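Residue-level structure breakdown
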Amino acid sequence: MTSWREELINLRKCKLGKRNERVGCGLTSVMADSLAFLEEDLTCIICCDIFTDPVTLKCSHSLCEECLQRFWTTQDVPQCPVCRKECSHDEPTKSLAFRSLCESFKNRKPTAVSGDVCPEHKEMLKLFCFEDRQPICVVCHTSKKHENHKCSPVDEAAGHLKEDLKTQMDRLQETVADLKKAHESCVKQAELIKECTSMDENQIKEEFEKLHEFLINEEEKHIKSLHKEMKFQDDKLKTTMKELSTQISDLSENMVAVWQDIEAENLTFLQNYSDTLERLQHPSVLNTSPELKEYQHYCIQTIIFTTWARMQNLVEQPPVTLDPDTASSKLQVSEDCTSVQYKKRKRYVSDNPKRLYVGVLASQGFSSGVHCWDVEVRNNDHWTLGVVGETVKRKRLYKMDPKSRFWCFRYVNGTYKEGNNPISYIDSNERPNIIRLQLDFDEGELRFIDPFRNKILCTYTGGFPERMFPYFCTGDVGTPLHAFAGNKEDL
């Protein structure tokens with residue numbers, strides 16, 4: 001194992017070797033040889049540099065005063081860093097002559113040769129080798145190392161290379177400008193995306209707010225309808241219960257009177273017998289077994305289907321919208337042109353050529369393709385749906401048959417009709433809330449469908465001679481007809 005002193009000496013030699021390596025290339029070989037030994041004797045073993053304010057211990061070893069004091073701060077007992085001999089803090093002595101010698105050596109120490117001189121030949125660097133990309137001297141140019149290399153004078157080469165670099169810098173400047181434009185474009189695009197995202201977010205909120213409001217309104221409407229229907233049944237039951245209570249009370253009074261007559265003396269009993277017998281034979285009992293209907297649950301699935309179908313009207317343009325200019329005087333078209341309601345009193349309307357004597361037409365007419373639309377009828381007990389030809393005579397009540405260019409399906413006072421002909425195969429207890437009309441103009445077919453049960457109610461075939469318009473009519477004051485998008489793919 002090497003001693004502490006050997007490690008310190010090796011470290012010193014290593015540092016000196018590196019310093020000599022840095023300086024040696026710039027020193028002349030003669031000066032390096034003559035001063036090498038002197039520099040080693042004037043070098044501090046701790047900092048490996050020429051002594052600064054040197055001090056000497058009793059063991060004759062010299063060090064920089066600051067280096068020695070710093071070294072002692074790491075020791076429990078003061079020792080010489082070289083020989084490890086114990087010392088005291090009073091030992092270090094200064095020598096002005098030794099200090100002057102060190103300062104003089106530092107001032108006279110040779111510096112590296114100027115960078116304009118070839119380190120190998122000690123000649124001025126006057127040429128530039130383009131192949132090795134470094135300045136060279138004339139001797140280097142004639143050596144084998146640079147044989148056949150393209151060389152130019154330093155000033156000429158520097159001017160040429162600077163122009164090349166300027167050209168490259170101009171290109172890089174253009175590239176930087178293009179990158180800046182691209183960056184600005186990205187920033188603008190990011191801002192645009194942020195703005196569009198904000199707009200889309202607001203639109204999503206608005207659309208869902210419409211859906212929320214629609215669902216809340218539908219919920220309130222159906223609950224109100226349920227309570228109205230249940231109230232009707234409840235009032236009817238209460239009336240029946242009141243009548244039964246009255247009958248019970250009257251019958252009980254008669255029975256008490258009869259028992260009193262029975263308990264009377266025989267003569268009295270016989271005298272009142274006729275009245276007693278009449279009372280028993282003609283009791284005021286209307287109905288001892290009233291007909292009680294089983295509770296009919298509200299059609300929840302039908303409500304959900306109807307609501308879903310109507311919601312489509314919020315998210316897509318309905319295939320048909322009503323034309324107010326065609327509505328007869330007792331029909332009121334809604335502001336959004338998707339529903340029509342019957343009015344008892346005639347409205348004041350202009351007598352334009354488009355207006356019908358009875359009913360209302362859609363704004364859209366069809367002369368080709370397949371078209372589908374739904375009409376919510378709910379509990380409306382008087383409605384007519386279908387299509388009419390474009391040239392039908394609108395100012396009079398026309399016949400409800402294809403010969404008069406009128407194809408229709410109706411529900412009037414509990415009876416379904418194909419035109420004026422009653423239909424017996426449709427169960428009146430299964431009244432659909434929605435009637436779907438599917439017009440295939442090219443095939444010449446019109447279907448009326450119950451979409452909830454996926455059941456065809458009525459079909460017309462035979463073709464259409466001209467452009468056809470959807471037709472609507474209602475005679476029920478309380479329940480309007482609503483038109484909205486239908487899905488022909490469901491069938």
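Each value, and the rule that gives it
Residues numbered from 1 in each chain as written. Predicted model: local features only at pLDDT ≥ 70, side-chain atom pairs only at ≥ 80, totals over all residues. Heavy atoms only, no water. Helix = DSSP H or I, 4+ residues; strand = E, 2+ residues; numbered from the N terminus. Buried < 20%, exposed > 50% of the residue type's maximum accessible area, 1.4 Å probe, protein only. Contact = heavy atoms within 4.5 Å. Areas by Shrake-Rupley, 256 points an atom, 1.4 Å probe, with all protein chains shown as cover. Pairing = 2+ DSSP bridges. pLDDT = per-residue confidence, 0-100. Axes fitted to C-alpha atoms, helices over the stretch in contact; angles between N-to-C directions. Salt bridge = Lys/Arg side-chain N within 4 Å of Asp/Glu carboxyl O. Core = buried A, V, L, I, M, F, W, Y, C linked by side-chain atoms within 4.5 Å. Phe/Tyr/Trp six-rings, centres within 6.5 Å; stacked < 30°, edge-to-face > 60°. 1 Å grid on protein atoms, 1.4 Å probe; cavity = no way out; pocket = protein on both sides within 12 Å on 5 of 7 lines; lining within 4 Å. Points joined across faces, edges and corners; volume = space filled by probe spheres on them. Nonpolar A, V, L, I, M, F, W, Y, C, P; charged D, E, K, R; others polar.

If you tally the helices and strands in the chain, you get nine helices and 19 strands. Residue burial in the chain is summarised as follows: out of 491 residues, 31% are buried. Here the contacts in the chain between residues at least 6 apart in sequence split such that 62% fall between residues at least 24 apart. Working note: accessible area of the chain is about 32,500 Å², and carbon and sulfur atoms make up 52% of it.

In the sheet, strand 12 (residues 406–412) pairs with strand 13 (residues 415–418) via four bridges, with the strands oriented antiparallel. Looking at the pairing, Arg 410 lines up with Lys 417 of strand 13. Between strand 12 and strand 13, which pair antiparallel one after the other, the connecting turn spans two residues, and Asn 413 there sits at a positive phi close to 50 degrees. Pairing between strand 13 and strand 14 (residues 421–423): three bridges, direction antiparallel. Among the inter-strand pairings, Glu 418 is bridged to a residue of strand 14, identified as Asn 421. Hairpin connection, strand 13 to strand 14: the antiparallel pair is bridged by two residues, and Gly 419 has positive phi, about 70 degrees.

What follows concerns the confidence of the model for the chain. For the chain, per-residue confidence averages 82 on the pLDDT scale, and 84% of positions sit at 70 or higher. Confidence, expressed as mean pLDDT per element, reaches its minimum in the chain at helix 1 (residues 4–24) with 50 and its maximum at strand 18 (residues 468–474) with 96. Across residues 18–30, where pLDDT falls below 50, the model places 15 contacts with residues more than four positions away in sequence or in other chains.

The next subject is the sheet that holds strand 7 (residues 331–333). Pairing in this open sheet of seven strands is antiparallel, and the strands run 7-8-19-10-15-16-17 from one edge to the other. With partners counted over all chains shown, the strands left at the sheet margins are strand 7 and strand 17 (455–461), one partner each. Taken pair by pair, the neighbouring strands of this sheet meet at an average axis angle of 20 degrees, ignoring direction. Sheet topology note: the strand 7/strand 8 (residues 339–342) ladder contains three bridges and is antiparallel. Bridge assignment links Leu 331 to a residue of strand 8, and that residue is Tyr 342.

What follows covers the pattern of salt bridges. Any two side chains of opposite charge can pair, given that their charged atoms come close. By the definition in use, this model includes 15 salt bridges. Asp 53 is the partner of Arg 99 in a salt bridge, and the nearest nitrogen-oxygen pair spans 3.3 Å. Note that Arg 99 is positioned in helix 4 (residues 96–108) and Asp 53 in the loop between helix 2 (29–41) and strand 1 (54–56), a separation of 46 residues in sequence. Residue Arg 447 is joined to Glu 445 by a salt bridge in which the shortest nitrogen-to-oxygen separation is 3.3 Å. With relative accessibility at 21%, the residue Glu 445 sits in the partly exposed group.

Turning our attention to the sheet that holds strand 18. Two orientations exist for strands paired in a sheet by backbone hydrogen bonds: parallel and antiparallel. Taken together, the six strands give an open sheet; going across it, the order is 9-18-11-12-13-14, and neighbouring strands pair in antiparallel fashion. Both outer strands of the open sheet, strand 9 (360–361) and strand 14, are each paired with one neighbouring strand and no more.

A few words on the nonpolar core. Ranked by size, the top nonpolar core spans 37 residues in total, and within it Trp 373, Trp 383, Leu 385, Phe 409, Phe 448 and Phe 472 carry the most contacts. Contacts of Leu 385, omitting those with residues within four sequence positions, involve Val 375, Val 377, Trp 407, Cys 408, Phe 409, Ile 435, Leu 437, Phe 448, Tyr 471, Phe 472 and Leu 481. Counting 20 residues, the second largest nonpolar core, distinct from the first, contains Leu 57, Cys 64, Phe 71 and Cys 87.

Under the definition given, this model contains 14 aromatic pairs. Aromatic pair Trp 383 and Tyr 416: ring centres 6.4 Å apart, planes at 65 degrees, arrangement edge-to-face. Of this pair, Trp 383 sits in strand 11 (residues 382–389) while Tyr 416 sits in strand 13, and the two are 33 residues apart along the sequence. Judged on exposure class, the residue Trp 383 and its partner Tyr 416 are both buried. Measuring from centroid to centroid gives 6.3 Å for Phe 448 and Tyr 460, while their planes differ by 70 degrees, and the two rings are edge-to-face.

What follows is about the layout of surface pockets. The space that makes up the second largest pocket amounts to roughly 360 Å³. Ser 328, Tyr 357, Val 358, Gly 359 and Cys 473 are the residues nearest the centre of the second largest pocket, which is lined by 20 residues in total. The leading source of residues in the lining of the second largest pocket is strand 18, at three residues. When grouped by side-chain class, the residues that make up the lining of the second largest pocket number ten nonpolar, seven polar and three charged.

Turning next to empty space enclosed by the protein. Within this structure, the stated rule accounts for one cavity of 30 Å³ or more. When its volume is computed, the largest cavity comes out at roughly 30 Å³. Residue composition of the lining of the largest cavity, grouped by class: two nonpolar, no polar and five charged.

On to the environment of Phe 472, then. Summarising the element assignment, Phe 472 is placed in strand 18. Taking relative accessible area as the criterion, Phe 472 reaches 2% and is therefore assigned buried. For the pair Phe 472 and Leu 331, spaced 141 residues apart in sequence, the C-alpha to C-alpha distance is 9.8 Å. Beyond its immediate stretch of four places on either side in the chain, Phe 472 contacts Val 320, Leu 322, Leu 331, Val 340, Gly 359, Val 360, Ala 362, Trp 373, Val 375, Thr 384, Leu 385 and Ala 483.

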